[in-house]
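Listed here are the chains, written in short residue letters.
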Amino acid sequence: MFSLTGADMVGRILGCGDGPASFNAEATRRGNKVVSCDPIYTFSSSDIKARIAATYEQVIEQARQNQNEFVWEAITSVEELGQIRMAAMEAFLDDYPAGMIEGRYLNLQLPSLPFPDGDFDLALCSHLLFLYSRQLDEAFHHFSLLELCRVAKEVRVFPLFALGGAISPHLDGSVEMLRAAGHQVSIHRVNYEFQRGACEMLRIQRADG
Ligand SMILES: C[S@@+](CC[C@H](N)C(=O)[O-])C[C@H]1O[C@@H](n2cnc3c(N)ncnc32)[C@H](O)[C@@H]1O
């Protein structure tokens, strides 16, 4: 999703809206330094596990009903998607208690993060900004992107599509706002496409980064 190289992973990384995904667990195992923030980290491991179990069938049924919105290549079926997602969530749940103690999972949410300026080398945000364009308005996107640029020297966001399969209506305004704030903004094609057509990420390099 983010075309990450070994060099990208060297510094301190913020995962914003990481949810019950395995990025932090896997990166930590490789010796990288990742902090994840998400409002779901207010809940205990058993609460999150119960919620995942309770919503699993519904999530899979939604994917089945909207099958033509996705590219079934790397992942070949709804069943395989379910298995991959569950494996990622299991890896997250295994790591969550230790990660909580180590301060790697923080109950924080955009648009305001309590980190000092430039605390992170890279901030990553997947499947939150732009994807939930109907639920999160353009002002929320602007505040959140500026906040991510404040706390990290570089920010990457994926995907640029909203739910439903079209480019987010907040993208152009956000790019214009970030450029007006002096940041360097570019859009890059990545080697990942699951939501059909959504194969680009936004890269923002801080004005003074
Ligand atoms: C669809 S999930 C994406 C999880 C993960 N990034 C991925 O790509 O698989 C969206 C996540 O954003 C989190 N979220 C919702 N509002 C947020 C906010 N204001 N700030 C940070 N995270 C938020 C949700 O709790 C959820 O875990």
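Our subject is the structure listed above.
A brief look at the structure comes next. Please read these numbers as outputs of a predicted model, since none were measured by experiment. (Residues numbered from 1 in each chain as written. Predicted model: local features only at pLDDT ≥ 70, side-chain atom pairs only at ≥ 80, totals over all residues. Heavy atoms only, no water.)

### Notes on the overall build of the chain
The helix and strand tally for the chain stands at five helices and nine strands. In sequence order, the chain lays out its α and β elements as β-α-β-α-α-β-β-α-β-β-β-α-β-β. Since a compact globule built from 209 residues should have a radius of gyration of about 17 Å, the 17 Å found for the chain is in line with a globular shape. Over its C-alpha atoms, taken along the principal directions, the chain stretches across nearly 45 × 40 × 30 Å. Within the chain, buried positions represent 45% of all 209 residues. When the 18 basic and 27 acidic side-chain charges of the chain are each reduced to a single mean position, those positions are 3 Å apart. (Helix = DSSP H or I, 4+ residues; strand = E, 2+ residues; numbered from the N terminus. Rg over C-alpha atoms; globule rule 2.2 N^0.38 Å. Buried < 20%, exposed > 50% of the residue type's maximum accessible area, 1.4 Å probe, protein only. Lys, Arg positive; Asp, Glu negative; His and termini not counted. Charge placed at Lys NZ, Arg CZ, Asp CG, Glu CD.)

### Some thoughts on the pairing of strand E5 (residues 152-158)
In terms of burial, E5 is a largely internal element, six of the seven residues being buried. Note that strand E4 (residues 120-126) and E5 share six bridges and pair parallel. Across the sheet, the residue bridging to cysteine 125 is valine 157, located in E5. Between E4 and its parallel partner E5, the chain crosses via helix H4 (residues 138-151), and the hand of that crossover is right-handed. Here E5 pairs with strand E9 (residues 200-205) via four bridges, running antiparallel. By the bridge assignment, glutamate 154 is partnered in E9 with glutamine 205. (Pairing = 2+ DSSP bridges. Right-handed = clockwise from strand over helix to strand, strands pointing away.)

### What about the environment of tyrosine 41?
For tyrosine 41, the location among the structural elements is in the loop between strand E2 (33-37) and helix H2 (45-65). Exposure remark for tyrosine 41: the relative accessible area of 3% places this residue in the buried category. Each C-alpha atom of the pair tyrosine 41 and methionine 100 lies 8.6 Å from the other, and the pair is 59 residues apart in sequence. What tyrosine 41 contacts, discounting residues up to four positions off in sequence, is Asp18, Gly19, Ser36, Phe92, Tyr96, Met100, Tyr105, Leu106 and Asn107. Polar contacts involving the side chain of tyrosine 41 include one to the main-chain carbonyl oxygen of glycine 19, which spans 2.7 Å. (Contact = heavy atoms within 4.5 Å. Polar contact = N/O pair within 3.5 Å; in protein donor to acceptor, adjacent residues only side chain to side chain.)

### Observations regarding helix H5 (residues 171-180)
Of the residues making up H5, those classed as buried are Leu171, Gly173, Ser174, Val175, Met177 and Leu178. Here the buried face of H5 lies against H4, strand E7 (166-167), strand E8 (184-189) and E9.

### Examining H2
An ideal rise of 1.5 Å per residue puts 30 Å on 21 residues; H2 measures up with 30 Å between its terminal C-alpha atoms. Of all the positions in H2, only Ile48, Ile52, Thr55, Ile60 and Ala63 are classed as buried. Contact partners of the buried residues in H2: helix H3 (78-101). (Expected span 1.5 Å × (residues − 1).)

### So, the site of the ligand
Taken together, the neighbourhood of the ligand is formed by 13 residues, with Gly17, Asp38, Leu110, Ser126 and His127 sitting nearest. Here an oxygen atom of the ligand sits 2.7 Å away from a polar atom, N or O, in the side chain of serine 126. Compared with its free state, where it exposes 600 Å², the ligand has 75% of that area covered by protein. Residues that form the shell around the ligand fall into these classes: six nonpolar, five polar and two charged. (Near = heavy atom within 4 Å. Areas by Shrake-Rupley, 256 points an atom, 1.4 Å probe, with all protein chains shown as cover. Nonpolar A, V, L, I, M, F, W, Y, C, P; charged D, E, K, R; others polar.)

The quantities given are spatial measurements derived from coordinates; they are silent on function.
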